[in-house]
Amino acid sequence: MERTTLSRRTFSKGLAGMAALTAAGTLGLAGCGGDTAESGSTSASGDGKTYKIGVLQLTEHAALDAANDGFVRALDESGISYDIEQQNAQNDQSACQTIASTLVNDGCDLILAIATPAAQAVAGATSDIPIIGTAITDFAASGLVDDNDAPGGNLTGTSDMNPVSDQIDLLVQLVPDAKTVGLLYCTAESNSDIQVALAEETLDELGIAHERYTASSSNEIQQVSESMVGKVDAVYIPTDNTISAGISTVTMVTNENNLPTVVGEVGMVEGGALASVSINYEELGYRAGEMAVQILTEGADPAEMPIEQMTADECDLVYNQETADTLGIDVSFLADEGGEDVSA
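Residues numbered from 1 in each chain as written. Predicted model: local features only at pLDDT ≥ 70, side-chain atom pairs only at ≥ 80, totals over all residues. Heavy atoms only, no water.

Right, let's get into the overall build of the protein. The helix and strand tally for the protein stands at twelve helices and 15 strands. Across the 344 residues in the protein, those meeting the buried criterion constitute 56%. Surface accessibility of the protein: about 12900 Å² in total, with carbon and sulfur atoms responsible for 42%. (Helix = DSSP H or I, 4+ residues; strand = E, 2+ residues; numbered from the N terminus. Buried < 20%, exposed > 50% of the residue type's maximum accessible area, 1.4 Å probe, protein only. Areas by Shrake-Rupley, 256 points an atom, 1.4 Å probe, with all protein chains shown as cover.)

Turning our eyes to something else, we now look at the side chain of arginine 287. Along the chain, the position of arginine 287 falls in helix H10 (residues 281–298). Assessed through its relative accessible area of 15%, arginine 287 is described here as buried. A polar contact of 2.8 Å, which involves the side chain of arginine 287, links it to the side chain of glutamate 290. (Polar contact = N/O pair within 3.5 Å; in protein donor to acceptor, adjacent residues only side chain to side chain.)

This next bit is on the environment of serine 225. Tracing the backbone shows serine 225 in helix H6 (residues 221–228). A sequence separation of 29 residues divides serine 225 from threonine 254, and the C-alpha atoms of the two residues are 7.3 Å apart.

Once that is clear, we can look at the environment of leucine 206. Tracing the chain through its elements places leucine 206 in helix H5 (residues 190–206). Taking the C-alpha atoms as reference, leucine 206 lies 9.6 Å from isoleucine 168; in sequence the two are 38 residues apart.

This part is about the pattern of salt bridges. By the definition in use, this model includes seven salt bridges. When the shortest N-O distance is used, the salt bridge between glutamate 282 and arginine 73 registers 3.2 Å. Here the residue glutamate 282 occupies a position in helix H10, and arginine 73 occupies one in helix H1 (residues 62–78), the gap between them amounting to 209 residues. Since its relative accessible area comes to 31%, arginine 73 is described here as partly exposed. With a shortest N-O distance of 2.8 Å, arginine 287 and glutamate 290 are connected by a salt bridge. (Salt bridge = Lys/Arg side-chain N within 4 Å of Asp/Glu carboxyl O.)

Here we take up the side chain of glutamine 195. Position of glutamine 195 relative to the elements: it lies in helix H5. Among the polar contacts listed, one links the side chain of glutamine 195 to the backbone oxygen of asparagine 191, at a separation of 3.1 Å.

Moving on, we come to the packing of helix H2 (residues 93–105) against helix H3 (residues 116–125). Across the interface, H2 lies against H3 with an axial gap of 8 Å and an inter-helix angle of 45°. Relative to H3, H2 is oriented oblique. The interaxial crossing formed by H2 with H3 has right-handed handedness. Together, Gln93, Cys96, Gln97, Ala100, Ser101 and Val104 of H2 and Pro117, Ala118, Ala121, Val122 and Ala125 of H3 make up the contact between the two elements. (Axes fitted to C-alpha atoms, helices over the stretch in contact; angles between N-to-C directions. Parallel < 35°, antiparallel > 145°, perpendicular 65-115°, else oblique. Left-handed = near helix turned anticlockwise from the far one by under 90°. Contact = heavy atoms within 4.5 Å.)

Moving on to the nonpolar core. In this structure, Ile53, Leu56, Phe71, Leu174, Tyr236 and Leu334 are the most contacted members of the largest nonpolar core, which totals 87 residues. Of all the elements, H10 adds the most residues to this core, at eight residues. Those residues in contact with leucine 334 that lie beyond four places of it in its chain are Leu170, Leu174, Ala275, Leu317, Tyr319 and Gly339. Listed in part, the 19 residues of the second largest apolar core include Met228, Val232, Ile243 and Val269. (Core = buried A, V, L, I, M, F, W, Y, C linked by side-chain atoms within 4.5 Å.)

Take it as geometry only, folks, not as evidence of what the structure does.
Here it is as structure tokens:
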């Protein structure tokens, strides 16, 4: 199969037409006035106000943690004064709802929701408090906004829609003889459904067969990963939060059985997958933080702030040399193209 050339694209406003692509730890529950981290002593608007900001993160893994870090960095660099309440739902939807209600009842000035289920929980808890979402694939298709270009409510943010076709091109470069690709994701995540549909579209165009392998929870990851062995020649995983959190379980199986795995983001490559054209989640969170500052200090209206998206120009080409050595795959051309080895 002829090698394709990876493209690079930039941060852009709006996700027009994306909706049509889809048919289908310990919880600290103190409010925003609980244990906090603070920024500077004066707000960017010069009014001396200290803003209450709540954060609901779906679960702990490298991508979502980086988005959170980027958001906080943007607040710090803006010079506003704020108290922030960080909450993590540990991938539990009922915990998302409980935390969302707590943050709303405490009267936060703004809430950051990291990942689709977290945003859905916060959106269900308030139609008044401004909400910034990040690490969400398609806001409109997930029912969070009326339209990605004109959200129309109290919620906006930054999308982690992947350059899926570039990632499939990368898979083809690395495994040119692949006849069947396994698509591994969690059925509980609508964001993954969208990306898998795009991957299937690209694979169809390339004439490569594909099969979906799905887990409904983290408990099924190893069994589903093992079920791919002997049936596929390579694996693609989108930015799925459940699979990302369990990536070491996946790569234990795939690397042992010589299954190259191309994934949606760098954290999974660090966890043993082979390669990715990866969104920079810290930058994604940083841009979400900039939007939050605009709302808090400039009176920007979330209803009129288009969803912002990072495209392949600003993505990082990354690979895991240790995994490549295990699989016997030559990745030297990725280094030549500016790729970064993120193996430990």
